[in-house]
Amino acid sequence: MLSCTYCLTYAQSNGDVKEKSGNPLFEGWYADPEGAVFGDEYWIYPTYSADFDEQTYMDAFSSSDLVHWTKHPRVLSNENVSWVKRALWAPAVIQANGKYYFFFGANDIKNNEQEGGIGVAIADNPAGPFKDALGKPLIGEIVNGAQPIDQFVFRDDDGQYYMYYGGWGHCNMVKLASDLLSLVPFDDGTLYKEVTPENYVEGPFMLKRNGKYYFMWSEGGWGGPDYCVAYAISDSPFGPFKREGKILQQDPSIATGAGHHSVIKGSGKDEWYIIYHRRPLDETAANSRVTCIDRLYFDEDGFIKPVKMTFEGVEPSPLKK
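Residues numbered from 1 in each chain as written. Predicted model: local features only at pLDDT ≥ 70, side-chain atom pairs only at ≥ 80, totals over all residues. Heavy atoms only, no water.

(A) Main features of the nonpolar core. Membership of the largest hydrophobic core comes to 39 residues, with the highest contact counts inside it found for Y164, M216 and L296. If near-sequence neighbours (up to four positions away) are discounted, M216 is found in contact with G203, P204, F205, L207, V229, A230, Y231, I247, H261, V263 and I304. (Core = buried A, V, L, I, M, F, W, Y, C linked by side-chain atoms within 4.5 Å. Buried < 20%, exposed > 50% of the residue type's maximum accessible area, 1.4 Å probe, protein only. Contact = heavy atoms within 4.5 Å.)

Shown next, in the form of structure tokens:
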């Protein structure tokens, strides 16, 4: 596996005058990275990429500039969530109500008789330790055919929080209460709305830019080379989400299996980064996944340009001026 040190040297040896992050961003097998900005720091919360029975904890990484990253081990683990037994997946972390809320999927449930699903833990700071807030899953059943995994929490401009989630080719959205610990009905009285776009598999993400809602998701099989990211644009957080096309996919000169991403805003006015996992070319094992970052650009009409994966990564973008 490429190390960050190797990538930094590689970028500099090819004439770059600024130090770059390198890809992957840090050592180890990590997938499904959730990027967040808290104050003047960037944070990444990934899944520990290993056999399901070994996935009982999660690490986090922080940076002031996107280039130098500090590891925070075991910010969430089954030690603080009694019902988590295995398959701790795909964090979604937000700051609200003076706390940090860590949403996660666990136990890889296959039916409504099994215990597991989407839970939420809380901490006073982004490095945790996060502790279970409910003593049970927030969403612990299969609704509309969507396995309760891969949740993403989105705050709209009016302050309302929505969660998009789901595996098995189905995506639901729910409306969260202000304390983020329960679901509240939509205006029509329902708790779950299916918003599955064409070719959706898993890994939903929502971004709002210039009044438009950019809904993104992963397609293909997570363990194979064709894993990728596609997107839609809507005028509403409820859709409809008409697929525009792929924005991230394998590159035979860089890596395979590029998917399950998040997007963060940098220090510039319209400066965006995509954080995602991919599989090095010399690896074929499903869990051999590393966390990477590259620039994400929009064209003049507001469409997302295809992402160019790199080994060099990105230049510094400090949030503190």
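Picking up after the structure, the text goes on.
(B) Looking closely at the environment of P46. By the secondary structure assignment, P46 is in strand β2 (residues 41-48). With 115 residues separating them in the primary sequence, P46 and Y161 have C-alpha atoms 22 Å apart. Here P46 is in contact with Y30, A31, D32, P33, M58, D59, A60, F61, P91 and T291, once residues within four sequence places are set aside. (Helix = DSSP H or I, 4+ residues; strand = E, 2+ residues; numbered from the N terminus.)

(C) Geometry of the pattern of salt bridges. Using the criterion set out here, one finds 11 salt bridges in the structure. A salt bridge links D270 to R209, with the shortest nitrogen-to-oxygen separation between them at 2.8 Å. On the criterion of sequence distance, the pair formed by D270 in the loop between β18 (255-265) and β19 (272-280) and R209 in strand β14 (residues 202-209) is long-range, its members being 61 residues apart. Connected via shared salt-bridge partners are D156, D157 and K208. (Salt bridge = Lys/Arg side-chain N within 4 Å of Asp/Glu carboxyl O.)

(D) Expanded view of the sheet that holds strand β17 (residues 242-248). Read from one edge of the open sheet, four strands run β14-β15-β16-β17, paired in antiparallel fashion. Across the chains shown, the open sheet's two edge strands, defined by having one partner strand only, are β14 and β17. For this sheet the average axis-to-axis angle between neighbouring strands, irrespective of direction, equals 25°. Bridging between strand β15 (residues 212-219) and strand β16 (residues 228-234) involves seven bridges; their strand directions are antiparallel. Residue pairing for β16: Y214 is matched across the bridge by I233. (Pairing = 2+ DSSP bridges. Axes fitted to C-alpha atoms, helices over the stretch in contact; angles between N-to-C directions.)

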